[in-house]
Amino acid sequence: MSEYRIQGNTGEWEVVIGLEVHAQITSESKLFSGSSTGFGAEPNSHVSLVDAAMPGMLPVPNRECLRQAVRTGMAINAQINRWSRFDRKNYFYADLPQGYQISQLYHPIVGEGAIEVTLNEKDPDSPTKKIGIERIHVEQDAGKLMHDQHPTMSFVDLNRSGVALMEIVSRPDISSPQEAGAYLKKLRSILRYVGSCDGNMEQGSMRADVNVSVRKPGGELGTRTETKNVNSIRFMMQAIEYEAQRQVDLIESGGAVVQETRLFDPNKMETRSMRSKEDAHDYRYFPDPDLLPVELDDAFLEECRASLPELPDAKRARYEALGLTAYNAAVLTAEAETAFWFEDLLAEGVDAKQASNWLMSELFGALNKLGKTLDESPVNPKQAAELLGLVADGTISGSIAKQVFEIMLETGQGASAIVEEKGLKQTNDTGAIEAEIAKIMAANEDKVAEYRSGKDKLFGFFVGQTMKAMQGKANPQIINDLLKKALG
Amino acid sequence: MSVDKDTVNKIARLSRIAISDAEADKMVGELNGILAWVEQLGEVDVTGVEPMTAVIPNKLRLRDDVVTDGDVRDKVLANAPAREGSFFGVPKVIE
């Protein structure tokens, strides 16, 4: 898709990237216990004795978490494994009370799949590339550590402990920071459509471990490093750029890349070695004896498939069939929220083209000015549909609609109420319009003569003057008709 | 399968268990005894037999996604060696 090359002293280098994305599964309760997953609660309040790993506590899996992982797998056309199993990944850390994370190493719930990405999802002609997904498995999140609250102690909050995560592992099919960004965006969009993860990177619902290596074009794979817990698309792209350049410089100056875990520091825009001990990755995985294998039956799988929503690519095709341009269809489907907003407008009876044009010019423009996201829009689809309905049935003109929309944004009032209160209703009163036309013609006799002698362009001038005299409230079609008659 | 002293020391380190040199020597013999005993199972021919996952026929039970637990902070923190407000306090760990 893109020819990304690093120019070194010894020639060009190619970058090979694989991503492991941790996505928090949307659920009310945790993966193996009945405590809440709610964000921002009092420390250690959303913790059960299971999450705190008290002796004798047993895990019981949450059906919804497995269901969401399976639905996500189906959305990327992946193999769904009817038989999977949980394993223990053993390591000691203060945020992991069990001393092991329950994960799936040997038999993940979802196998091979793929997603198709494009470098510019809003350009329908932009080239696409298939990025393989090796697996999706389900695992527990750890607790949270705070290091800055006390001079000699770290504080542990277990509210996140046991929350369900999907780890989505890509193939090393990604070859530039831009492709990695496009992949992460597309993946986030799919997760939001499916409803299996809110994709909120700021709150940590989605984070990526980034595997990077470099090689001479077409050569043997180089040694890779893993940069952990990158929590924004921009940071991820910066981390890849920095890390690939670092590896090239290292190799060209006679060094060798060490397989290690690194951290990205967004302030310094660099990755740093975490200098973990050499055997820190000896996790001694083994099947969790507290849990039987996960066996999915036909009814479960069928429900998962039946409950899948229309996905971005299919939606885009349908919008084009509704008469939208390829560009508009691409923009409206890039994020689930936008598509749902658009469809809410259609459900309120707004014409597809009118809805898409208004959304993309008026609403996006206004939100942009206000610095708000679509979720924070002061006007909801129902209110917008009321406004657009007034335009469609000729009650107000398009230019008056812009004014009404601005008042709606400021005051939160309904469109009809504003039109009523401010007297903005478009008039079809031909008598009033004719009177204004007569006045204008009398005041511009020279222009009338010019028009009649063939200067057709002046028609626009008369329309403008009449509309101005009518304070924008006259029906433009009626003005046209009456002017044609009067000017002869 | 058998273990040597290096392996025993490594497992002890990974498990955060401090053992003396003498203990490690003793442990090598004991662990190898246990491994040899378990390896007797290798005499049974299990070709074509599915690995057993439960002693009695049993299926994994799943929970519905409802909040039924939690909100027991004081119980959770009751045995903490160092409680700091609503948190567990642990010796500073920072990468």
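Residues numbered from 1 in each chain as written. Chains lettered and ligands numbered in written order. Predicted model: local features only at pLDDT ≥ 70, side-chain atom pairs only at ≥ 80, totals over all residues.

1. Focus: the overall build of chain B
Right, on to step 1. In terms of regular secondary structure, chain B is built from three helices and two strands.
Right, on to step 2. When its helices and strands are written in sequence order, chain B yields α-α-α-β-β.
Right, on to step 3. The C-alpha atoms of chain B give 22 Å as radius of gyration, which overshoots the globular expectation for 95 residues (12 Å, by more than 25%).
Right, on to step 4. In terms of its C-alpha atoms, chain B occupies a principal-axis envelope of roughly 55 × 45 × 25 Å.
Right, on to step 5. Within chain B, the proportion of its 95 residues that are buried is 7%. (Helix = DSSP H or I, 4+ residues; strand = E, 2+ residues; numbered from the N terminus. Rg over C-alpha atoms; globule rule 2.2 N^0.38 Å. Buried ≥ 20, exposed ≤ 12 C-beta atoms within 10 Å, placed from the backbone.)

2. A closer look at the overall build of chain A
Right, on to step 1. Each helix and strand counted, chain A has 15 helices and 16 strands in total.
Right, on to step 2. Against the 2.2 N^0.38 benchmark of 23 Å for 488 residues, chain A shows a C-alpha radius of gyration of 30 Å, more extended than a compact globule.
Right, on to step 3. Each of the three principal axes of chain A carries a C-alpha extent, and together these read 95 × 60 × 55 Å.
Right, on to step 4. For chain A, the proportion of its 488 residues judged to be buried stands at 39%.
Right, on to step 5. Taking all contacts inside chain A whose residues are at least 6 apart in sequence as the whole, residues at least 24 apart take part in 69%. (Contact = placed C-beta atoms within 7 Å.)

3. What to know about helix α7 (residues 336–347) of chain A
All names here are of chain A.
Right, on to step 1. Here α7 spans 16 Å end to end across twelve residues, near enough to the 16 Å set by a 1.5 Å rise per residue.
Right, on to step 2. Those residues of α7 lying buried are A336, A339, W341, F342 and L345.
Right, on to step 3. As for α7, its buried residues are in contact with α2 (177–194), α5 (312–321), α6 (326–334), α8 (352–370) and α9 (381–392).
Right, on to step 4. Following α7 by one or two positions, G349 adopts a phi angle in the positive range, close to 95°. (Expected span 1.5 Å × (residues − 1).)

4. What about the pairing of strand β6 (residues 113–118) of chain A?
Residues and elements named next belong to chain A.
Right, on to step 1. What you see with β6 is a clean split: G113, I115 and V117 sit on the buried side and A114, E116 and T118 on the side with no burial.
Right, on to step 2. Pairing analysis gives six bridges linking β6 to strand β7 (residues 128–140), with the strands arranged antiparallel. The residue bridging T118 from the neighbouring strand is T128, located in β7. (Pairing = 2+ DSSP bridges.)

5. Focus: the packing of α9 of chain A against helix α10 (residues 398–411) of chain A
All names here are of chain A.
Right, on to step 1. The contact between α9 and α10 brings their axes to 10 Å, and the two run at 160°. With respect to their mutual orientation, α9 and α10 come out roughly antiparallel. Our pair here, α9 against α10, has a crossing hand that is right-handed. Mapping the contact onto sequence places Q383, L387, L390 and V391 in α9 and G398, A401, V404, F405 and M408 in α10. (Axes fitted to C-alpha atoms, helices over the stretch in contact; angles between N-to-C directions. Parallel < 35°, antiparallel > 145°, perpendicular 65-115°, else oblique. Left-handed = near helix turned anticlockwise from the far one by under 90°.)

6. Some details on the sheet that holds strand β8 (residues 144–146) of chain A
Right, on to step 1. Taking strand neighbours across the sheet as the criterion, the four strands line up as β8(A)-β9(A)-β2(B)-β1(B) in an open arrangement whose pairing is antiparallel. Edge positions in the open sheet fall to β8 of chain A together with β1 (83–84) of chain B, since each of these has one partner strand only.
Right, on to step 2. One ladder, built from four bridges, connects strand β9 (residues 153–157) of chain A with strand β2 (residues 87–91) of chain B; its direction is antiparallel. Paired with M153 of chain A across the strands is P91 of chain B, a residue of β2 of chain B.

7. Regarding the nonpolar core
A general tendency of soluble globular proteins is for nonpolar side chains to be buried together.
Right, on to step 1. Among the nonpolar cores identified, the biggest contains 90 residues, and L19, A69, Y183, V210, M236, L387 and V404 of chain A are the most heavily contacted of them.
Right, on to step 2. Among the elements that take part in this core, α2 of chain A stands out by supplying nine residues, more than any other.
Right, on to step 3. If you count residues domain by domain, this core takes at least three from each of domain 1 (5–300) and domain 2 (310–422) of chain A.
Right, on to step 4. Apart from residues no more than four positions distant in its own chain, L387 of chain A is found in contact with A401, V404, F405, M408 and A415 of chain A.
Right, on to step 5. If you look at the next biggest cluster of nonpolar residues, it comprises nine residues, including V47, A52 and V156 of chain A together with L77 of chain B. (Core = buried A, V, L, I, M, F, W, Y, C linked by C-beta atoms within 7 Å. Domains from an automatic or database assignment.)

8. Quick notes on the sheet that holds strand β15 (residues 286–287) of chain A
Two orientations exist for strands paired in a sheet by backbone hydrogen bonds: parallel and antiparallel.
Residue and element names in this part refer to chain A.
Right, on to step 1. Reading across the sheet, the three strands line up as β5-β4-β15 and stay open at both edges, with antiparallel pairing between neighbours. Only two strands of the sheet have a single neighbouring strand rather than two, namely β5 (100–103) and β15.
Right, on to step 2. Pairing of strand β4 (residues 87–90) with β15 involves two bridges; the strand directions are antiparallel. Among the inter-strand pairings, D87 is bridged to a residue of β15, identified as P287.

9. Things to note about the domain arrangement of chain A
Residue and element names in this part refer to chain A.
Right, on to step 1. Taken domain by domain, chain A holds domain 1 (5–300), domain 2 (310–422) and domain 3 (430–487).
Right, on to step 2. Its C-alpha centre places domain 1 at a distance of 36 Å from the equivalent point of domain 2.
Right, on to step 3. Contact residues are listed per partner, giving nine residues for domain 1 and nine residues for domain 2.
Right, on to step 4. Top contributing element to the side of domain 1 that touches domain 2 by residue count: α2, with four residues.
Right, on to step 5. Tallied by class, the residues present in the side of domain 1 that touches domain 2 amount to four nonpolar, one polar and four charged. (Nonpolar A, V, L, I, M, F, W, Y, C, P; charged D, E, K, R; others polar.)

10. Some details on the interface of chain A and chain B
Right, on to step 1. Contacts between the two partners involve 41 residues from chain A and, on the opposite side, 36 residues from chain B.
Right, on to step 2. Looking at the side of chain A that touches chain B, the elements with two or more residues in it are α1 (63–75), β9 and β16 (294–295) of chain A.
Right, on to step 3. Ranked by residues supplied to the side of chain A that touches chain B, first place goes to β9 of chain A with five residues.
Right, on to step 4. Residues belonging to the side of chain A that touches chain B are distributed by class as follows: 17 nonpolar, 15 polar and nine charged.

11. A short note on the packing of α1 of chain A against α2 of chain A
All names here are of chain A.
Right, on to step 1. Here α1 crosses α2 at 125°, and the two axes come no closer than 10 Å. Comparing their axes, α2 and α1 come out oblique. Every pair of crossing elements has a handedness; the one defined by α1 and α2 is right-handed. Along its contact with α1, which presents R71, T72 and A75, the element α2 presents I190, L191 and V194.
Right, on to step 2. In the contact of α1 with α2, the residues fall into four nonpolar, one polar and one charged.

12. A word on the environment of G371 of chain A
Right, on to step 1. Locating G371 of chain A in the fold gives a position in the loop between α8 and α9.
Right, on to step 2. A sequence separation of 46 residues divides G371 of chain A from T325 of chain A, and the C-alpha atoms of the two residues are 27 Å apart.

13. Structural notes on the pairing of strand β1 (residues 5–8) of chain A
Residues and elements named next belong to chain A.
Right, on to step 1. Note that β1 and strand β2 (residues 11–24) share four bridges and pair antiparallel. Each bridged residue has a counterpart across the sheet, and for Q7 the counterpart in β2 is E12.
Right, on to step 2. In this structure, the hairpin formed by β1 and β2 is closed by a connection of two residues.

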